[in-house]
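A structural walkthrough
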There are 2 protein chains.
Amino acid sequence: MNSEPVNAYKNFKLTIEYDGGAYHGWQRQATEPTIQEEIEKALMTMAGVKVVLTGSGRTDAGVHAYGQVANFLCETTLTHDVFQRGLNSLLPRDIIITACAEVPETFNARYDVKSKTYHYKILNRGLCAAIGRQYSWHIPQKLDLSAMRRACGHIIGTHDFKAFEGTGSPRTHTTRRVIHADLVKDNDGYLIFEIEGEGFLRFMVRNIVGTLVDVGLAKSTPEDFKRIMLSKDRNLAGITAPPCGLYLMQVNY
Amino acid sequence: MNSEPVNAYKNFKLTIEYDGGAYHGWQRQATEPTIQEEIEKALMTMAGVKVVLTGSGRTDAGVHAYGQVANFLCETTLTHDVFQRGLNSLLPRDIIITACAEVPETFNARYDVKSKTYHYKILNRGLCAAIGRQYSWHIPQKLDLSAMRRACGHIIGTHDFKAFEGTGSPRTHTTRRVIHADLVKDNDGYLIFEIEGEGFLRFMVRNIVGTLVDVGLAKSTPEDFKRIMLSKDRNLAGITAPPCGLYLMQVNY
C-alpha cells in the first residue's frame, strides 16, 4: 500500500502596487484589461498551469494601489523570491509586485482581511497640475478643511453607509465599521483623506469624498453630512469623486 | 497731418508647466507634436492671427517643465489674465500656463535669460515604482551619494563642458558657467540632482547625470569625473540619462 502523496501545494501572498489608469479595475473581465488578468497571465507563464488569484477585494476602474494583496495556490518548486522577480520582469511597468511571501495554506487574501486603508488625494488650488494630473482630483475653489474634518468625525464608528453606496455590488447588508477617518496635508501640499475600515461598500470612499467636498465648498454643513449619512438615501449624497484620486494603501490581516 | 498711429503691440510673458511625456520636446517640428506648437495653436485661436512664441530655450523630447518661460508679441485688446484663462481652457491637460504677465516690449524670453535651474529625479531603491514611474530614472543598485556629491563639486564654476555635450546642437563655444550643483533627497525619498547655470549645452544635464551615476555605482571616482570633464571627450563620459527624470524648474531673468 502506498501512503498518500505529500501535498506539494504552496500558498503565496503578493503585495501589489499599480497605477490603475490603464485598467478596468482589479477583477478579471471578458474583454477589458484588468490587474488580476495581467498577473494571472504572468503566473501562467511562470508556473505553466492556470493559476487563480484571490484578491483582497476589487478596486474599480482607474483606482490605484500601493498595497493591494492577493494570494494563489500553486503546485510548484519555485520559491517566493523567484516568483517576485519573475513576475516583475513579465508584468507591464504599471504593475509591480512589492512583496511575495510563502504563507500557510489556510491564508485567504479575501476572507482574512481585518481592515483596509484607503487614501484619497485632492489638489486644492486654483491651477490644476500638468505633471501628475492623473493622480489626484483637482478642486479649484478653496475648501474649508476644518468643516471637512468635523464631517469626517461623523464617519468613524459602526454605521449604515447605504447613502454612500454605489449600485450593482453584491452585499448582504450595508453596515460597516470605520476605524479611522481624517483629512491631512502631505509634504507636497495635497489634501489626503485617509480612511481605515473593516470593510467598504462599492464606491463608498469616493461617495464619501464627493459629499465631504460639498461640505468643504459650504454647499452643506458637517451636520448636513451626518444627516445625509443617517438618511440612507444615495440621492442626498454628493457626486462620486473621480477614481484617479483613490489609492488602496494597505490591507491588514 | 496725422500723427503716427500708436503701436498697439503688447508683449506677454508666459510661465509654463508641462508633462513632456507625450511631446517631441519644446520646439515646433514639421510632423511631431511639440509644446510650442500646441501653445501657438491655442494663441492663434484666441488672437485670430498667427503668433510666434519665443521660448527661453528648447527642452528635448520627453523632458518636463515646471517653469519654462516664453514670450509673444501680439496686437490685441486681450489682457494677460484673459490669455491665461483662455489658453488653459484650450490647451491639452498636460500643458498649463501657470502665469501670464504683460511685460515691456523689449523683453525677450531667449536673449534675456540670466540662468536656468534644472532638477533631475532618480528613484534609488531595489524596486521600481508603478505609480509615477514616468517621472524619474530608476536605479536599483545602491548609489554612493557622498561620492556623487564630491563629483558635483567639480562641475561648479566656468568650464568647457564639451565632454558632456550631445551632438547636433548649434553653438559657438562649449564653455558654460555653472552656479550651483548638488544632490539632495526630497520628501518622498527621491534623489534630486539640482543644477543652476547661465547656459547649457544640448544633453549637458542628462550626460552629467549619467556620468555622476557611474560615480555613484563606483564604476569611476569623483576624480575620474573631473578628468572626464577636463578631457572634453564625450566618449569617456557616461550614458545620457533618460529624459523622463529631467525638469526645467525655473528660468531667471
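Residues numbered from 1 in each chain as written. Chains lettered and ligands numbered in written order. Predicted model: local features only at pLDDT ≥ 70, side-chain atom pairs only at ≥ 80, totals over all residues. Heavy atoms only, no water.

On the chain A side, the residues contacting the 27 residues of chain B number 27 residues. When chain B packs against chain A, close to 2000 Å² is buried across both sides, 56% of that on carbon and sulfur atoms. Counting the surface chain B buries against chain A, the share from its top three residues, Leu127, Ile131 and Arg133 of chain B, is 32%. Run the count over chain B and chain A and you get two salt bridges. Residue aspartate 19 of chain B is joined to arginine 133 of chain A by a salt bridge in which the shortest nitrogen-to-oxygen separation is 3.0 Å. Along the contact surface separating chain B from chain A lie 10 residue pairs in polar contact (both at pLDDT 80 or more). Residue assignment for the side of chain B that touches chain A shows that the elements contributing at least two residues are strand E1 (9–18), strand E3 (64–75), helix H2 (80–90) and strand E4 (95–103) of chain B. (Contact = heavy atoms within 4.5 Å. Buried area = accessible area lost by both parts, 1.4 Å probe. Salt bridge = Lys/Arg side-chain N within 4 Å of Asp/Glu carboxyl O. Polar contact = N/O pair within 3.5 Å; in protein donor to acceptor, adjacent residues only side chain to side chain. Helix = DSSP H or I, 4+ residues; strand = E, 2+ residues; numbered from the N terminus.)

Residue and element names in this part refer to chain A. Tallied over the entire structure, the rule returns zero disulfides over all chains. Of the cysteine sulfurs around cysteine 100, a residue in no disulfide, the closest is that of cysteine 74, at 11 Å. As a non-bridged cysteine, cysteine 128 has cysteine 244 as the owner of its nearest cysteine sulfur, 12 Å distant. (Disulfide = S-S within 2.5 Å.)

Further remarks concern the relation of the copies chain B and chain A. Screw-axis analysis of chain B against chain A gives a translation of 0.0 Å along the axis, an RMSD of 0.0 Å, and a rotation angle of 180°. Such a turn and shift between the copies fits a two-fold axis. Minimal C-alpha distance to the rotation axis in chain B is attained by asparagine 187 of chain B, lying at 3.2 Å. (Least-squares fit on C-alpha atoms with pLDDT ≥ 70 in both.)

Now for the environment of glycine 153 of chain B. Residues and elements named next belong to chain B. Along the polypeptide, glycine 153 turns up in helix H3 (residues 145–155). Classification of glycine 153 by relative accessible area gives partly exposed; the value is 40%. Sequence spacing of glycine 153 and alanine 99 is 54 residues, and the spatial spacing of their C-alpha atoms is 34 Å. (Buried < 20%, exposed > 50% of the residue type's maximum accessible area, 1.4 Å probe, protein only.)

This brings us to helix H1 (residues 35–47) of chain A. Residue and element names in this part refer to chain A. With 13 residues, H1 should reach 18 Å at 1.5 Å per residue; the first-to-last C-alpha distance of 18 Å fits that figure. Along H1, the positions that sit buried rather than exposed are Ile35, Gln36, Glu38, Ile39, Glu40, Ala42 and Leu43. Where H1 is buried, its residues contact strand E1 (9–18), strand E3 (64–75), helix H2 (80–90) and strand E4 (95–103). If you check the start of H1, you find a side-chain oxygen 3.3 Å away from the backbone N of glutamate 37, and it comes from threonine 34. Positioned one or two residues after H1, glycine 48 has a phi angle of 80°, which is positive. (Expected span 1.5 Å × (residues − 1).)

Turning next to the confidence of the model for chain A. Taken residue by residue, chain A gives an average pLDDT of 94. The fraction at 70 or more is 97%. Across the interfaces of the predicted complex, the ipTM metric reaches 0.90, alongside a pTM of 0.92. (pLDDT = per-residue confidence, 0-100.)

Now for the pattern of salt bridges. Two side chains of opposite charge can pair, provided their charged atoms sit close to one another. All names here are of chain B. Across all of its chains, the model carries 14 salt bridges over all chains by this definition. Two residues, lysine 41 and glutamate 38, come together in a salt bridge whose shortest N-O distance is 3.8 Å. One end of the pair, lysine 41, and the other, glutamate 38, are both in helix H1 (residues 35–47), three residues apart, so they sit about a helical turn from each other. What makes glutamate 38 buried here is its relative accessible area of 16%.

Next up on the list: the side chain of asparagine 11 of chain B. Residue and element names in this part refer to chain B. Tracing the backbone shows asparagine 11 in strand E1. Its relative accessible area of 1% is what places asparagine 11 among the buried residues. In terms of polar contacts, asparagine 11 uses its side chain to reach the backbone carbonyl oxygen of glutamate 105, at 3.4 Å. Setting aside anything within four residues of it in sequence, one finds asparagine 11 in contact with Asn71, Phe72, Leu73, Ala101, Glu102, Val103, Pro104, Glu105, Thr106 and Phe107.

This part takes up helix H3 (residues 145–155) of chain A. All names here are of chain A. If you check which residues of H3 are buried, you get Leu145, Ala147, Met148, Ala151, Cys152 and Ile155. For H3, the angular spread of the buried residues around the axis is 155°, confining them to a single face. The inward-facing, buried residues of H3 contact strand E7 (157–160), strand E8 (175–185), strand E9 (191–197), helix H4 (204–216) and helix H5 (222–231). Taking the backbone nitrogen of serine 146 as reference, a side-chain oxygen 3.2 Å away marks aspartate 144 as the first, capping residue of H3. Positive phi shows up at glycine 157, right after H3, with a value of about 115°. (Arc of directions from axis to C-beta.)

Another aspect to go through is the domain arrangement of chain A. Residues and elements named next belong to chain A. Domain annotation for chain A reports domain 1 (8–103) and domain 2 (115–252). Placing the centre of domain 1 and that of domain 2 at their C-alpha centroids yields a distance of 28 Å. Opposite the 15 residues of domain 1 that make contact, domain 2 presents 15 residues. Interface of domain 1 and domain 2: buried area, both sides summed, is about 1200 Å²; carbon and sulfur atoms make up 55% of it. A per-residue breakdown of the area domain 1 buries against domain 2 is headed by Asp60, His64 and Tyr66, which together make up 42% of the total. Connecting domain 1 to domain 2 are one salt bridge. In this structure, aspartate 60 and arginine 202 form a salt bridge, with 3.3 Å as the shortest nitrogen-oxygen distance. Taken together, the links from domain 1 to domain 2 amount to nine residue pairs in polar contact (both at pLDDT 80 or more). (Domains from an automatic or database assignment.)

The next point concerns the environment of aspartate 160 of chain A. All names here are of chain A. Its location among the elements puts aspartate 160 in strand E7. When the C-alpha atoms of aspartate 160 and methionine 229 are compared, they prove to be 7.7 Å apart, with 69 residues separating the residues in sequence. In this structure the side chain of aspartate 160 is engaged in a polar contact, spanning 3.0 Å, whose partner is the backbone nitrogen of lysine 162. Of the polar contacts made by the side chain of aspartate 160, one reaches the side chain of threonine 174; its length is 2.6 Å.

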